[in-house]
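# Observations on the model geometry
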Amino acid sequence: MAHREGEGGTAPTLIQSVRRAVRLLDELERRGGAGSAKQLAREALLPLPTAYHLLRTLVHEGLVRNDNGVYALVSPLRRDAGHTAHEPALRIQAWIDTLSLDLDAAVYFVQYRDGEVEVGAVSDNPARPPVQEWADFRATAHAHAAGQSLLLQLDPEQRGDHLSRHPVTALTPHTVEARRDFERRLVALPRRLPVLEHQEYALGAACAAVPITVGAETAAVALSIPASEGARLRGLADRLQRRAEQVLLSRTFAVAAHSHEP
């Protein structure tokens with residue numbers, strides 16, 4: 001008998017709610033865009049009350065509509081209010097620019113696509129310039145927090161393939177030098193918590209990153225501050241995670257849905 005998530009009686013965290021909502025969206029898409037709450041709950045292995053609650057949230061956010069008990073995707077996963085036909089529901093650049101000002105740090109949005117690390121956006125905040133890319137971000141994921149967060153989300157085979165193509169090398173005296181040591185440290189990290197990095201990619205910079213996984217997309221949002229302000233990093237990382245979770249639950253499913261748009 002399949003185990004339905006949530007039957008253990010513990011309250012879900014916000015990120016767990018996001019993941020469950022994504023599963024409902026995935027099931028809706030798999031069914032051709034429509035289904036009843038009972039069908040979706042059964043196929044997503046969720047308790048029916050949980051499915052109803054999440055579907056109401058998705059309807060409120062304009063991602064799903066309720067047609068007399070039949071839930072349907074709002075194609076192509078765009079919010080109805082306040083957006084034109086070609087405008088993504090979430091403007092990544094505007095979001096990270098706001099985060100940069102609120103957190104007083106440089107902020108980055110990164111994705112793992114086609115086997116490579118891709119920097120999707122960097123905050124525009126003259127008071128907090130980003131870390132200079134002195135070594136290719138794509139080839140040095142092991143050394144920066146954003147890349148480590150992405151690698152942590154991959155399955156072992158994908159991660160092994162990446163590290164075979166982009167070997168672990170020491171960029172600073174603080175970088176892990178051997179692949180075995182890096183992999184051991186990585187698998188010891190909790191998958192959903194912030195990754196912290198102190199001067200592993202660049203001397204003088206401290207960074208943190210939190211994962212954003214929506215559907216099949218693997219992404220992360222990261223921040224950097226001067227290493228001299230390293231005492232702020234843990235608190236900033238926790239605030240960054242809370243902000244990322246809030247955005248995920250309220251309006252970000254379009255990050256994945258529109259990531260391949262021109």
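Here the structure is a predicted model, which means the values were calculated and not measured.

### Considering the overall build of the protein chain
- A tally of regular secondary structure across the protein chain gives 9 helices and 8 strands.
- Residues counted as buried form 49% of the 262 residues belonging to the protein chain.
- Approximately 13,000 Å² of the protein chain is accessible, and the part contributed by carbon and sulfur atoms is 52%.

### As for the sheet that holds strand β1 (residues 34-36)
- The strand order β1-β3-β2 describes an open sheet built from 3 strands, whose pairing is antiparallel. Unpaired on one side and paired on the other, β1 and β2 (64-67) mark the two borders of the sheet. Pairs of neighbouring strands in the sheet enclose a mean axial angle of 30°, with direction left out of account.
- The sheet contacts of helix α2 (residues 37-44) involve β1 and β3 (70-73), and relative to β1 the element is tilted by about 95°.

### Quick look at the environment of R232
- Relative to the elements of secondary structure, R232 occurs in the loop between β8 (217-226) and α8 (233-251).
- Judged by relative accessible area, R232 falls into the partly exposed class, the value being 27%.
- The spatial distance from the C-alpha of R232 to the C-alpha of A206 is 9.6 Å, given a sequence separation of 26 residues.
- If sequence neighbours within four positions are ignored, R232 has contacts with L103, D104, R128 and I225.
- At a separation of 2.9 Å, a polar atom in the side chain of R232 contacts the main-chain carbonyl oxygen of L103.

### Brief notes about the environment of A106
- Relative to the helices and strands, A106 is located in strand β4 (residues 106-113).
- On the basis of relative accessible area, A106 is assigned to the buried category, the value being 0%.
- Along the sequence, A106 and D124 sit 18 residues apart, while their C-alpha atoms lie 8.0 Å from each other.
- With sequence-adjacent residues up to four places away left out, A106 is seen in contact with S100, S123, R128, P129, P130, A222, L223 and S224.

### Here we look at the packing of aromatic side chains
- A full pass over the atoms with the stated rule returns 2 aromatic pairs.
- Relative to Y201, the ring of W134 has its centre 6.1 Å away and its plane inclined at 45°; by these criteria the two rings are tilted. Taken together, the residues W134 in the loop between β5 (116-122) and α5 (145-153) and Y201 in the loop between β6 (195-198) and β7 (205-214) connect sequence positions 67 residues apart.
- Given a relative accessible area of 2%, Y201 falls into the buried group.
- Ring-pair connections join several aromatic residues into one group, and the members of that group are W134, F137 and Y201.

The rules we used
Residues numbered from 1 in each chain as written. Predicted model: local features only at pLDDT ≥ 70, side-chain atom pairs only at ≥ 80, totals over all residues. Heavy atoms only, no water. Helix = DSSP H or I, 4+ residues; strand = E, 2+ residues; numbered from the N terminus. Buried < 20%, exposed > 50% of the residue type's maximum accessible area, 1.4 Å probe, protein only. Areas by Shrake-Rupley, 256 points an atom, 1.4 Å probe, with all protein chains shown as cover. Pairing = 2+ DSSP bridges. Axes fitted to C-alpha atoms, helices over the stretch in contact; angles between N-to-C directions. Contact = heavy atoms within 4.5 Å. Polar contact = N/O pair within 3.5 Å; in protein donor to acceptor, adjacent residues only side chain to side chain. Phe/Tyr/Trp six-rings, centres within 6.5 Å; stacked < 30°, edge-to-face > 60°.

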